[in-house]
Amino acid sequence: MSTLTPLPKPLPKVGTPPPPPLPLPKGAAPPPPPPLGLHHKVASSTKLRRSPQMVNLYQLLKKKMEVSYLEDVQKHGKSITILQDTINSFQSKDMGNLLKFQKNVESQLENLTDENQVLARFEAFPIKKLESLRTAAGLYSKLDAIFVNPQALGDKSSISPAIKAEVEAVERVKEEEWKKFRSSNVHFGFGIITRIKEAMVDLSSSCMELVLKMFACYRTFRSSLQFVAHGVDEEKGKVVASYFAAADAAEHRRNF
């Protein structure tokens, strides 16, 4: 007797929803829910945890710093109060006096563990004027160094452009800085900028005068040895002589 082969189940059509799940037998309990807190544990395990040792170390350092601040307040309290009154009353149009005064102030404040934290304990301390004094002293020292020793900015060929750039940078912020100084009752001698400009003019005039003298010397005496006789270094005389000789040759070619 032959057996019939069962027909395969038809495939679901594309786009049709899947068949519903089979109903549970009567009396069967539904599957248990996932354990409580499982999702919370997984999420919390991915968060960055603070190390208790690091927290304790931070708290310890913080307490030590606070103790240091309080010790400085007690140890230097009297001198800070005197310094506070001295800064408030300081007025001088002499920039030399301002530089000396600022140096003395810094020598006293450098003994503090943390200047900002300690001075914050003194509500009447003139922090704003202190910063203005520091700015004024730093700016004037920079300009004075340019006036006294312009060669520090570079070689002779780049001195004038470098000085010009420095002066222009100061002039761009001059009005703003002047207002800050004035609000803190701090005088700044901006006249040094004028002196630097005058020195630049004198330097340019001296260079031009030297070139004219050497040119006249060359026109009168063609030999490099004669440069030496007139106080010009022999090597420099040769360089200048060769330069003007080349200039004469170029001029001669243009004429013909």
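An account of the accompanying structure is given in this report. (Residues numbered from 1 in each chain as written. Predicted model: local features only at pLDDT ≥ 70, side-chain atom pairs only at ≥ 80, totals over all residues. Heavy atoms only, no water.)

Looking only at helices and strands, the chain features nine helices and zero strands. Along the chain direction, N to C, the helices and strands of the chain fall in the order α-α-α-α-α-α-α-α-α. Across the 256 residues that make up the chain, the buried fraction comes to 23%. Contacts in the chain between residues at least 24 apart in sequence constitute 71% of all its contacts with a sequence separation of at least 6. (Helix = DSSP H or I, 4+ residues; strand = E, 2+ residues; numbered from the N terminus. Buried < 20%, exposed > 50% of the residue type's maximum accessible area, 1.4 Å probe, protein only. Contact = heavy atoms within 4.5 Å.)

Moving on, we come to the nonpolar core. Membership of the largest hydrophobic core comes to 33 residues, with the highest contact counts inside it found for Ile87, Leu98, Phe125, Leu143, Phe188 and Ile196. Of all the elements in the fold, those that place two or more residues in this core are helix 2 (52-89), helix 3 (95-109), helix 4 (115-119), helix 5 (127-148), helix 6 (156-183) and helix 7 (191-220). Ranked by residue count, the leading element in this core is helix 5, at eight residues. In contact with Phe125, not counting residues within four places along its chain, are Ile80, Leu83, Gln84, Ile87, Leu119 and Leu130. (Core = buried A, V, L, I, M, F, W, Y, C linked by side-chain atoms within 4.5 Å.)

What follows is about the pattern of salt bridges. Counted by the stated rule, this structure contains six salt bridges. Between Arg134 and Glu115 there is a salt bridge whose closest N-O contact spans 2.9 Å. Residue Arg134 is located in helix 5, and its partner Glu115 is located in helix 4; the two are separated by 19 residues in the primary sequence. The shortest N-O distance in the salt bridge between Glu166 and Lys142 comes to 3.1 Å. A residue pair is termed long-range when its members are at least 10 positions apart, and Glu166 in helix 6 and Lys142 in helix 5 qualify at 24 residues. With relative accessibility at 43%, the residue Lys142 sits in the partly exposed group. Here the salt bridges share partners, and the residues they tie into one network are Glu106, Glu115, Glu131 and Arg134. (Salt bridge = Lys/Arg side-chain N within 4 Å of Asp/Glu carboxyl O.)

Per the counting criterion, the structure on display carries four aromatic pairs. With centroids separated by 6.0 Å and ring planes inclined at 80°, the aromatic side chains of Tyr140 and Phe188 adopt a geometry described as edge-to-face. A residue pair is termed long-range when its members are at least 10 positions apart, and Tyr140 in helix 5 and Phe188 in the loop between helix 6 and helix 7 qualify at 48 residues. When sorted by exposure, Tyr140 lands in the same class as Phe188, which is buried. (Phe/Tyr/Trp six-rings, centres within 6.5 Å; stacked < 30°, edge-to-face > 60°.)

Position of Ile127 relative to the elements: it lies in helix 5. Residue class for Ile127 comes out partly exposed when judged on its relative accessible area of 37%.

Over its 15 residues, helix 3 extends 21 Å from the first C-alpha to the last, a length consistent with the 21 Å expected when each residue adds 1.5 Å. Taken together, the buried positions of helix 3 are Met95, Leu98, Phe101, Gln102, Val105 and Leu109. The buried side chains of helix 3 occupy one side of the element, clustering within an arc of 115° when seen end-on. Away from its buried face by more than 90 degrees, helix 3 exposes Lys100 and Lys103. Between the side-chain oxygen of the N-cap and the backbone nitrogen of Gly96 there are 2.8 Å, and the N-cap of helix 3 in question is Asp94. (Expected span 1.5 Å × (residues − 1). Arc of directions from axis to C-beta. Polar contact = N/O pair within 3.5 Å; in protein donor to acceptor, adjacent residues only side chain to side chain.)

Below, the discussion takes up the packing of helix 3 against helix 5. Running from N to C, helix 3 and helix 5 cross one another at 125°; their axes reach a closest spacing of 10 Å. The orientation of helix 3 with respect to helix 5, classified from their angle, is oblique. For the pair helix 3 and helix 5, the crossing hand works out as left-handed. For the pair helix 3 and helix 5, contact is made by Met95, Leu98, Leu99, Phe101, Gln102, Val105, Glu106 and Leu109 and by Leu130, Leu133, Arg134, Ala136, Ala137, Tyr140 and Ser141, respectively. (Axes fitted to C-alpha atoms, helices over the stretch in contact; angles between N-to-C directions. Parallel < 35°, antiparallel > 145°, perpendicular 65-115°, else oblique. Left-handed = near helix turned anticlockwise from the far one by under 90°.)

Before going further, it helps to examine the environment of Glu168. Structurally, the position occupied by Glu168 is in helix 6. In this structure the C-alpha to C-alpha distance between Glu168 and Ile193, which are 25 residues apart in sequence, comes to 9.6 Å.

In contact at an axis separation of 11 Å, helix 2 and helix 3 are set at 160° when each is read in the N-to-C sense. Taken together, the axes of helix 2 and helix 3 lie roughly antiparallel to each other. For the pair helix 2 and helix 3, the sense of crossing is left-handed. Facing helix 2, whose interface residues are Ser79, Leu83, Thr86 and Ile87, helix 3 presents Phe101, Val105, Gln108 and Leu109. Class assignment for the residues of the contact of helix 2 with helix 3 results in five nonpolar, three polar and no charged. (Nonpolar A, V, L, I, M, F, W, Y, C, P; charged D, E, K, R; others polar.)

On to the side chain of Asp72. Summarising the element assignment, Asp72 is placed in helix 2. Buried charged residue Asp72 carries no salt bridge. Nearest counter-charge: Lys75, at 6.1 Å. In this structure Asp72 touches Gly77, Leu112, Thr113, Asp114 and Val118, once residues within four positions along its chain are discounted. (Lys, Arg positive; Asp, Glu negative; His and termini not counted.)

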